[in-house]
Amino acid sequence: MSYDLLIKNGTVIDGSGAPRYRGDVAITDRKIVRIGRINEKAKQTIDAEGHIVAPGFVDGHTHMDAQIFWDPIGSCSCYHGVTSVVMGNCGFTLAPCRASEADLVFRNLERAEDIAREAMLAGINWRWESFPEYLDELDSLPKGINYSAYLGHSALRTYVMGARAFEEEATEDEIERMCQLTREALHAGAIGFTTSRSVNHETSDHKPVASRVANWQEVRRIVNTMGDAGAGIFEIAGEDHGHDPKRVREYHERLKSLAIESGVPITWGMFANKEAPEIWRSYMDLLDEVAEAGGRMFAQVHSRSLNVIFSFEAHTPFDGWDVWRDIRKLPLEEQHASLADPEFRARLVAAASGPSERHKRGGRTIMPPDWDFVFHMTDASAPGRSLADLAQEKGLPPVDMMIELALESDLKAMFRMPINNHDENDVIEMMKHPRSVVTFSDSGAHVSQIMDSSLQTNIFSQWVRDRQALTLEEAVRLVTFDTASQWGLHDRGLLRVGMAGDLAIFDPDTIAPNMPEVVHDLPAGATRLKQTARGFLATVVNGEILLQNNEHTGATPGQLMRSPLAH
């Protein structure tokens, strides 16, 4: 017998959590057909000696809805062993939408997800209106990895209500129309429905995105529609009630009631924060409460701090401030010259050493960052030193230290500012919670500010090798079987005969994220952060080698993963 692809001499970690073993894996017609000692020939063979052979990693929280139209390989997720993603989170999707009203969708995405409008205009060929038509368009695109797609509330709302969606509550007829379109989307293959009620999600003119205008009854009706259909997951970017325990509890009760009455699995992202260090525990308690009451709910957690990344090549904390605004509009060569001028540099430092005068004139108070929590980033796997400490050593103001490091690196220096998950002990506790999944890369969004596509490789470099808080088997399970199972991707996430031929083949001693870099490879030359990884021998998708030594082979073996109602 001859196979399409044979992986020889590797150490198999199958995703289940079971102990590793030495074995070969054979794939034919996109499926795993044999595991064990295999002596037959294959059209292609990979010698995986010294490497782990694991299922391809699964990411349940991405925003590649626009990116898929111009980036067939699914970067940067694909560089980190990810072979399947779920997109359309937080209510942000491109369908349903009429081509003539695409600006309504762009209005939801442009600021909330930091996806440049000019990139979307240049990169998307709009050939759909309904959600089923959108899925058919996705199906026809060349894809390096596999995609599942949610129906997003903001797109659904603007399709039904037009511009009123940003200002008004829906009528009864409009809610019923949204429910009808949700049923249509589920039967076409949508994996579920998503919404956002987060104060962080705003339009470019600082107004709430469309989903935030909806009342809870509208959300409840749509989610119950999924329950009636017997399919779909509900993902929500939740309400922020800060330190008010009564309001937090009221929100939790609404979520719990919705999970129980609808029977729909509910999921949301959870981070810890130094300003409210115990809040996340109440959310984890909610997961157990819901399970005991007969509902299903799971949290999405991260593998490290959630960092905003600063760089003169992309953006700094002061781009909109007085003095800084003028220089930041210049080409980088001219910025370098201005930064090196002592007199002008002193003006920049003075402007950034207190509240922003420009924003104060507009009635807003914007402060400089807390320099104790801004770190010079020299290694993607290392914490780095704070600018406060570095500045004290040099006898400089912290912002002057940032400029100094930028000049020394020809403006390529990067600085990270954790905005969540400040305490590593909180992070690993959340990761190990039985009702959490380690995902939430946000790949495809916040592309010039945040780079979290590396959360999977970070698990292996930080929590397996450096901290030894997880075994290799535990780490693999977190990013394969656990994630695939929660989203119902039942032919992914395990190495078993009959499962899809998605594999991540890596060196456990070297797998790690590389440093991010600033690139301008989006349509219309828009800026994004790009991050690759090291330690990968090959990434296999549906039985074809997508990446070899993390270089694209030219293959596009990915597929659209539709929900069971579509079959």
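Numbering of residues starts from 1 in each chain and follows the order in which that chain's sequence is written. The predicted nature of this model means local features are confined to residues of pLDDT at least 70 and side-chain atom pairs, given and counted, to a pLDDT of 80 or more, with totals for whole chains, interfaces and linings taken over all residues. As a rule here, side-chain values cover all heavy atoms of the structure and leave hydrogens and water aside.

Trainee: Can you break down the overall build of the protein chain residue by residue, with the values?
Mentor: Strands are runs of DSSP state E lasting at least two residues, helices are runs of H or I lasting at least four, and both sets are numbered from the N terminus onward. Counting its secondary structure elements, the protein chain contains 19 helices and 25 strands. Its C-alpha radius of gyration of 24 Å places the protein chain within 12% of the 24 Å reference for a compact globule of 567 residues. Referenced to the eigenvectors of the C-alpha coordinate spread, the extents of the protein chain come out at roughly 75 × 60 × 45 Å. Burial here depends on accessible area, computed with a 1.4 Å probe over protein chains only, as a share of the maximum for the residue type. Under 20% is buried, over 50% is exposed, and the range in between is partly exposed. Counting all 567 residues of the protein chain, 60% fall into the buried class. Any two residues having at least one pair of non-hydrogen atoms within 4.5 Å are treated as being in contact. Taking as baseline every contact in the protein chain between residues at least 6 positions apart, the subset at least 24 positions apart corresponds to 74%. Split by element, the accessible area of the protein chain, about 21,600 Å² in all, is 47% carbon and sulfur. For the radius of gyration, the atoms used are the C-alpha atoms, and the globule rule reads 2.2 Å times the number of residues raised to 0.38. Areas reported as accessible are Shrake-Rupley estimates using a 1.4 Å probe. Residue values count occlusion only from the protein chains shown.

Trainee: Give a description of the pattern of salt bridges that names residues and reports values.
Mentor: One speaks of a salt bridge when a side-chain nitrogen belonging to Lys or Arg is within 4 Å of a carboxyl oxygen belonging to Asp or Glu. Across all of its chains, the model carries 46 salt bridges by this definition. Ionic pairing is found between D24 and K8, a salt bridge with its closest N-O pair at 3.2 Å. Pair noted here: D24 is in strand β2 (residues 21-28) and K8 is in strand β1 (residues 3-12), with a separation of 16 residues, a long-range link. Accessibility assignment for this pair places D24 and K8 in one class, buried. When salt bridges with common partners are traced through the structure, they connect K31, D491, R492 and D502 into a single cluster.

Trainee: I'd like a description of the packing of helix α17 (residues 455-466) against helix α18 (residues 472-479), backed by residues and values.
Mentor: Under this scheme, a helix contributes an axis fitted over its contacting stretch, all axes are lines through C-alpha atoms, and angles between N-to-C directions fall in the 0 to 180 degree range. Where α17 contacts α18, the two axes come as close as 10 Å, and the packing angle between them is 160 degrees. Here α17 lies roughly antiparallel to α18, going by the angle between them. Between α17 and α18 the crossing geometry is right-handed. Across the interface between the two elements, Q456, I459, F460 and V464 from α17 touch L472, A475, V476 and V479 from α18. Considering only residue class, the contact of α17 with α18 consists of seven nonpolar, one polar and no charged. Geometric relationships in this document are graded by angle, where less than 35 degrees denotes roughly parallel, more than 145 denotes roughly antiparallel, 65 to 115 denotes roughly perpendicular, and other angles denote oblique. Crossings are assigned a handedness: left-handed for a near helix turned anticlockwise from the far helix by less than a right angle, right-handed for a clockwise turn. Just so you know the grouping, Ala, Val, Leu, Ile, Met, Phe, Trp, Tyr, Cys and Pro go in nonpolar, Asp, Glu, Lys and Arg go in charged, and all remaining residues, Gly too, go in polar.

Trainee: Any chance you could break down the sheet that holds strand β8 (residues 146-149) for me, citing the residues and the numbers?
Mentor: Across the sheet, which stays open at both edges, the three strands sit in the order β6-β7-β8 with parallel pairing between neighbours. Only two strands of the sheet have a single neighbouring strand rather than two, namely β6 (57-62) and β8. Taking the axes of each pair of neighbouring strands and ignoring which way they run, one obtains an average angle of 20 degrees across the sheet. With four bridges joining them, strand β7 (residues 82-87) and β8 adopt parallel strand pairing. Bridge pairing in β8 links V86 to S148. For two strands to be treated as a pair, DSSP must find at least two bridges joining them.

Trainee: Could you give an account of the state of the cysteines, with specific residues and numbers?
Mentor: Counting rule for disulfides: a pair of cysteine sulfur atoms within 2.5 Å. Across all of its chains, the model carries zero disulfides by this definition. We note that C78 lacks a disulfide partner, and the nearest cysteine sulfur, in C76, lies 7.4 Å from it. Residue classification places C78 among the buried positions, given a relative accessible area of 0%. No disulfide involves C179; its sulfur sits 20 Å from the nearest other cysteine sulfur, which is in C97. Residue C179 is classed as buried on the basis of its relative accessible area, which comes to 2%.

Trainee: So what about the nonpolar core? Which residues, and what values?
Mentor: Grouped together as the largest cluster of nonpolar side chains are 116 residues, with contacts concentrated most on Y134, L138, F234, W268, M431, F460 and F506. If we skip the residues at most four places from it in the chain, Y134 touches D65, F69, M87, L94, A95 and W128. The nonpolar core is taken to be a set of buried Ala, Val, Leu, Ile, Met, Phe, Trp, Tyr and Cys residues, with the residues joined through side-chain atoms within 4.5 Å. Counting residues in each nonpolar core, the second largest holds 34 residues, with F271, F318, L407 and F415 among its members.

Trainee: Break down the sheet that holds strand β13 (residues 297-301) for me, citing the residues and quoting the values.
Mentor: Spatially, six strands are ordered β9-β10-β11-β12-β13-β17 in an open sheet, and the strand pairing comes out parallel. Whereas interior strands pair on both sides, the edge strands pair on one side only; in this sheet they are β9 (151-152) and β17 (436-438). As judged from the two bridges shared by β9 and strand β10 (residues 192-196), these two strands associate in the parallel manner. Bridge pairing links G152 to T194 in β10.

Trainee: Describe in detail the pairing of β6, supporting the description with residues and values.
Mentor: Judged by how many residues are buried, β6 sits mostly within the fold: six of six residues are covered. Relative to β7, β6 is paired through four bridges, and the arrangement is parallel. Within β7, the position partnered with F57 by the bridge is V82.

Trainee: Residues and numbers for the packing of aromatic side chains, please.
Mentor: Remark: the centre distance and the inter-plane angle together describe each pair of aromatic rings, the angle taken between the planes. What counts as a ring pair is set by centres within 6.5 Å for rings of Phe, Tyr and Trp (its six-membered ring), and what kind of pair is set by the plane angle: stacked under 30 degrees, edge-to-face over 60, tilted for all other angles. Taken as a whole and judged by the stated rule, the model has 18 aromatic pairs. Arranged with centres 6.2 Å apart and planes meeting at 65 degrees, the rings of F57 and F506 form a pair that is edge-to-face. Placement of the pair is F57 in strand β6 and F506 in strand β18 (residues 503-506), with a sequence separation of 449 residues. Their ring planes at 25 degrees and their centres at 4.4 Å tell us that W126 and W128 sit as a pair that is stacked. Each member of the pair, W126 as well as W128, is classed as buried. An aromatic cluster is built from F69, F106, W126, W128, F131 and Y134, whose rings are joined through pairwise contacts. When the NZ atom of lysine or the CZ atom of arginine is within 6 Å of a ring's centre and also within 35 degrees of its normal, the charge is said to sit over that ring. A cation over a ring is seen here: R98 above Y159, with NZ or CZ 4.1 Å from the ring centre. Of note, R254 hangs over the ring of W216, and the distance from its end group to the ring centre comes to 4.8 Å.

Trainee: Explain unusual backbone geometry to me, using residue names and the numbers behind them.
Mentor: Residue C76 follows S75 across a cis peptide bond; omega there is 10 degrees. The residue C76 is located in the loop between β6 and β7 in this model. Looking along the chain, the bond that leaves A95 and enters P96 is cis, with omega of 0 degrees. Despite not being glycine, D29 has its phi angle at roughly 50 degrees, a positive value. Secondary-structure assignment places D29 in the loop between β2 and β3 (31-36).

Trainee: Mind laying out α17, listing which residues take part and the relevant values?
Mentor: For α17, the buried fraction is high: ten of the twelve residues fall into the buried class. Three or more residues of α17 are buried, namely L455, Q456, T457, N458, I459, F460, S461, Q462, W463 and V464. Just downstream of α17, Q468 is the residue with a positive phi angle, here 50 degrees.

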